[in-house]
Amino acid sequence: MTRQDRLKALEALASERVLVLDGAMGTQIQDLGLEEDDYRGERFADWSCSVKGNNDLLNLTQQDALKKIHKAYFEAGADIVESNTFSATTIAQADYEMQDLASEIAAEGARLAREAADEVAEETGSPRGVAGAIGPTNKTLSISPDVEDPGFRDVSFDDIREAYAEQIEAMAPHVDFFLIETIFDTLNAKAAIKAILDLREAGAIEDIPVMISGTITDASGRTLSGQTTEAFWHSVRHAQPWAVGLNCALGAKDLRAYVKEMSRIADTRVLAYPNAGLPNAFGEYDETPDETAAHIEDWAKDGLVNIVGGCCGTTPAHIRAIAEAAKKGRVRDIPERPQAMRLSGLEPFELA
């Protein structure tokens, strides 16, 4: 099945029911109990620094384990899984002195997810999609890392755009979507969007649909860089995303208000994948699959979402429960909003 065939099939499904995204990759990797030698494998046995915790490196050293995780999420009911490429950029990989491997890590992560998707699709006869995960990097363009120098930045917009372009081009042969996710700084997301648009214009990649997911960091209702949900949407809508939504930081209970707001304003599909509640004192997530699914069921019954899944702390058991809960709801109708000039800073502005 070609990418276009898969997209048509997934779009047809999306008109009939709420689609299901996968759950947390990091949670599943943590459960594997891997040690330094497991991360290194034979190829990186003599690497110059510690690499434990570089989950994206496992695309090269623990391929069978990662493929099993992808398949477990598909078998739990996911229609789309994310590639294990959240930090597969030169900027993020520099922490492990592996910036020169970033492109290979991105390509292999996307390929493994594609293999898992194709194998499950062949077994079940149902389309399975792959979203190339594009994380925010460990740098921010909007906030200085030096409290005594507000104008200082570790990186430039072009630095981040170029890092994203390398990652995107590496993943492109294997993915059905690009998912710019966990956005705490909208300017970083704009660099990723610009990279995609530039590569399209140059003919380096096909016109692969984009999904965009921001992160409301706390009860303030804003991203870390200060934007409200509506201001965030105004800032990224020029990308004409296949879907837009929110993930991470909050559990479903606390995220609902912001998902509802995105559902009201976005003239495209809305996706949402919350954490399994809030972390406990040990940084672990206690919300059970049934508890998470109960919130998702309410979202779906109220027609707030088109795509649901899970973020930190969620497992295949959570996705199985979420998939069942989503069936009890209805597909969100995509609104037609009147034409207007819509701008944003930290707050939205609309001139009809």
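Criteria and cut-off values
- As a convention, each chain's residues are numbered from 1 in the sequence order in which they are written.
- Residue-level local features of this predicted model are given only where pLDDT is at least 70; pairs of side-chain atoms are given and counted only at 80 or more, and the full residue set underlies all totals for whole chains, interfaces and linings.
- Calculated side-chain values reflect all of the structure's heavy atoms, with hydrogen atoms and water omitted.
- Here a helix means four or more residues in a row that DSSP labels H or I, a strand means two or more in a row labelled E, and each is numbered from the N terminus.
- The classification of residues rests on relative accessible area computed with a 1.4 Å probe and restricted to protein chains. Under 20% of the type maximum is buried, over 50% is exposed, and intermediate values are partly exposed.
- What qualifies as a polar contact is a pair of N or O atoms within 3.5 Å, subject to a donor-acceptor requirement within protein and to the restriction that residues adjacent in sequence count only when both atoms come from side chains.
- When checking whether two residues touch, look at their non-hydrogen atoms; a contact exists if any pair is within 4.5 Å.
- Strands are labelled as partners when DSSP assigns at least two bridges between them.
- The convention used is that axes are lines fitted to C-alpha atoms, helices contributing only their stretch in contact, and that angles between N-to-C directions extend from 0 to 180 degrees.
- These descriptions rest on fixed angle ranges, namely under 35 degrees for roughly parallel, over 145 for roughly antiparallel, 65 to 115 for roughly perpendicular, and the rest for oblique.
- Crossing handedness: left-handed means the near helix sits turned counterclockwise from the far one by under a right angle, and right-handed means the same turn made clockwise.
- Salt bridge, as applied in this entry: a Lys or Arg side-chain nitrogen positioned within 4 Å of an Asp or Glu carboxyl oxygen.
- Residue types Ala, Val, Leu, Ile, Met, Phe, Trp, Tyr and Cys, when buried and joined through side-chain atoms within 4.5 Å, form a set referred to as a nonpolar core.
- Grouping into patches uses exposed residues only, defined as over 30% relative accessible area, and leaves out salt-bridged ones; the cut-off is 9 Å for like charges and 5 Å for nonpolar side chains (Val, Leu, Ile, Met, Phe, Trp, Tyr).
- Working definition of accessibility: Shrake-Rupley area with a 1.4 Å probe, residue cover restricted to the visible protein chains.
- Under this rule, positive means Lys or Arg and negative means Asp or Glu; His and the chain ends count for nothing.
- For charged residues, the charge sits on one atom: NZ in Lys, CZ in Arg, CG in Asp, CD in Glu.
- In this scheme Phe, Tyr and Trp rings, the latter by its six-membered ring, pair at centre separations within 6.5 Å, and the angle between planes marks the pair as stacked below 30 degrees, edge-to-face above 60, and tilted otherwise.
- The rule is short: NZ of Lys or CZ of Arg within 6 Å of the ring centre and within 35 degrees of the ring normal puts a charge over the ring.
- Every helix has an expected span of 1.5 Å times one less than the residues it contains.
- UniProt positions are given in the numbering used here, feature names are shortened, and annotations may be inferred rather than shown by experiment.
- A cavity here means a set of 1 Å grid points, computed over protein atoms only, where a 1.4 Å probe fits but cannot escape. A pocket is an open set with protein on both sides within 12 Å along at least 5 of 7 lines, and lining residues have an atom within 4 Å of a point.
- Grid points are joined across faces, edges and corners, and a volume is the space filled by probe spheres set on the points.
- Throughout this entry, Asp, Glu, Lys and Arg are counted as charged residues, while Ala, Val, Leu, Ile, Met, Phe, Trp, Tyr, Cys and Pro are counted as nonpolar. The remaining residues, Gly among them, count as polar.

Participant: I'm lost on the side chain of Asn54 in this one. Help?
Facilitator: Among the structural elements, Asn54 can be located in the loop between α3 (36-40) and α4 (58-61). Under the relative-accessibility criterion, Asn54 is labelled buried at 2%. Polar side-chain contacts of Asn54 include one of 2.8 Å to the side chain of Gln93. Those residues in contact with Asn54, other than ones at most four positions away along the chain, are Tyr39, Gln93, Tyr96 and Met98.

Participant: Teacher, can you tell me more about the sheet that holds strand β4 (residues 177-183) here?
Facilitator: Backbone hydrogen bonds hold the strands of a sheet together, and the pairing may be parallel or antiparallel. Strand order in the open sheet made by the 8 strands is β1-β8-β7-β6-β5-β4-β3-β2, with parallel pairing throughout. Each edge of the sheet is formed by a strand with only one pairing partner; in this case those strands are β1 (19-20) and β2 (80-82).

Participant: Where do I start with the packing of helix α9 (residues 186-201) against helix α10 (residues 229-236) in this structure?
Facilitator: Helix-helix packing is described using two parameters, namely the angle between the two axes and the distance between the axes. Packing of α9 against α10 leaves a shortest axis separation of 10 Å and a crossing angle of 25°. Regarding the angle of α9 to α10, the classification is roughly parallel. Our pair here, α9 against α10, has a crossing hand that is right-handed. Mapping the contact onto sequence places Thr186, Lys190 and Ile193 in α9 and Phe232, Ser235 and Val236 in α10.

Participant: What should I look at first to understand the pattern of salt bridges in this one?
Facilitator: Any two side chains of opposite charge can pair, so long as their charged atoms come close to each other. Scanning the entire structure with this criterion turns up 30 salt bridges. With its nearest N and O atoms 2.8 Å apart, the salt bridge here joins Glu36 to Arg40. With Glu36 and Arg40 both in helix α3 and 4 residues apart, this pair spans about one turn of that helix. Exposure class is identical for Glu36 and Arg40. Each is buried. Among the ionic pairs, Asp207 bridges to Arg200, the shortest N-O distance being 3.1 Å. Using a relative accessible area of 57% as the deciding quantity, one classes Asp207 as exposed.

Participant: When you look at the packing of helix α11 (residues 252-265) against helix α12 (residues 289-301) in this model, what are you seeing that I'm missing?
Facilitator: Put simply, α11 and α12 touch, their axes get as near as 10 Å, and they point 20° apart. The angle between α11 and α12 falls in the class roughly parallel. As for how α11 packs across α12, the hand of that crossing is right-handed. Of α12, the residues touching α11 (which contributes Ala252, Lys253, Leu255, Arg256 and Val259) are His295, Asp298 and Trp299.

Participant: Explain the nonpolar core to me, please; I cannot follow it from the model alone.
Facilitator: If you look at the biggest cluster of nonpolar residues, it comprises 85 residues, and the most contacted ones within it are Phe178, Ile180, Ile212 and Trp299. For this core, the leading source of residues is helix α7 (residues 102-124), giving 8 residues. Setting aside residues no more than four positions away along its own chain, Trp299 makes contact with Ala252, Leu255, Arg256, Val259, Ala272, Pro274, Leu304, Val305 and Val308. In terms of nonpolar packing, the next biggest core, distinct from the first, is built from 18 residues, Ala14, Ala243, Cys248 and Leu271 among them.

Participant: Is there a simple way to explain a negative patch on the surface in this structure?
Facilitator: Together, Glu284, Asp286, Asp290 and Glu291 give the surface a local cluster of negative charge. Relative accessible area serves as the criterion here: at 52%, Asp286 is assigned to the exposed category.

Participant: What should I look at first to understand the packing of aromatic side chains in this one?
Facilitator: Given two aromatic rings, their pairing is described by the distance between the two centres and the angle made by the two planes. Considering all chains together, one arrives at 2 aromatic pairs under this definition. Ring geometry for Phe44 against Trp47: centres 5.6 Å apart, planes inclined by 80°, an arrangement best described as edge-to-face. Above the plane of the ring of Trp242 lies Arg269, whose end atom (NZ or CZ) is 4.0 Å from the centre.

Participant: Can you help me understand α7 in this one?
Facilitator: The periodicity of an α-helix, 3.6 residues per turn, causes residues three or four positions apart to be oriented the same way. Its 23 residues place the ends of α7 33 Å apart at the C-alpha level, agreeing with the 33 Å of an ideal helix rising 1.5 Å per residue. Listed as buried for α7 are Ala102, Ile105, Ala106, Glu108, Gly109, Ala110, Leu112, Ala113, Arg114, Ala116, Ala117 and Val120. Downstream of α7 by a residue or two, Gly125 has a phi angle that is positive, lying close to 80°.

Participant: Honestly, the UniProt feature "binding site: Zn(2+)" (unreviewed entry) in the protein chain in this entry has me stumped. Any pointers?
Facilitator: The feature "binding site: Zn(2+)" (unreviewed entry), as given by UniProt, occupies Cys248, Cys311 and Cys312 in the numbering adopted here. Of the residues just listed, which span 65 residues, no C-alpha pair is farther apart than 6.5 Å, and they cluster in one region. Lining the largest pocket, from the set of annotated residues above, are Cys248, Cys311 and Cys312. For Cys311, the location among the structural elements is in the loop between β8 (307-308) and α13 (316-326). Cys311 sits in the buried class, given a relative accessible area of 11%. As for its position among the elements, Cys312 is in the loop between β8 and α13. Residue Cys312 is classed as partly exposed on the basis of its relative accessible area of 27%. Here Cys312 is in contact with Ala24, Thr27, Cys248, Asn275, Ala276 and Tyr285, once residues within four sequence places are set aside.

Participant: Whenever I open this one, the layout of surface pockets confuses me. Can you help?
Facilitator: Unfilled space is identified by rolling a water-sized probe across the atoms. In this structure, the largest pocket encloses a volume near 560 Å³. Lining the largest pocket are 28 residues, with Ala24, Met25, Gly26, Phe86 and Cys312 sitting closest to its centre. Of all the secondary-structure elements, those providing two or more residues to the lining of the largest pocket are α2 (25-31), β4 and β6 (243-251). It is α2 that contributes the most residues to the lining of the largest pocket, 5 residues altogether. In the lining of the largest pocket, the residues fall into 11 nonpolar, 13 polar and 4 charged. Each pocket or cavity is described by its volume, and for the second largest pocket that value is around 190 Å³. With 4 residues, the single largest contributor to the lining of the second largest pocket is α13. Of the residues assigned to the lining of the second largest pocket, the class counts are 6 nonpolar, 1 polar and 6 charged.

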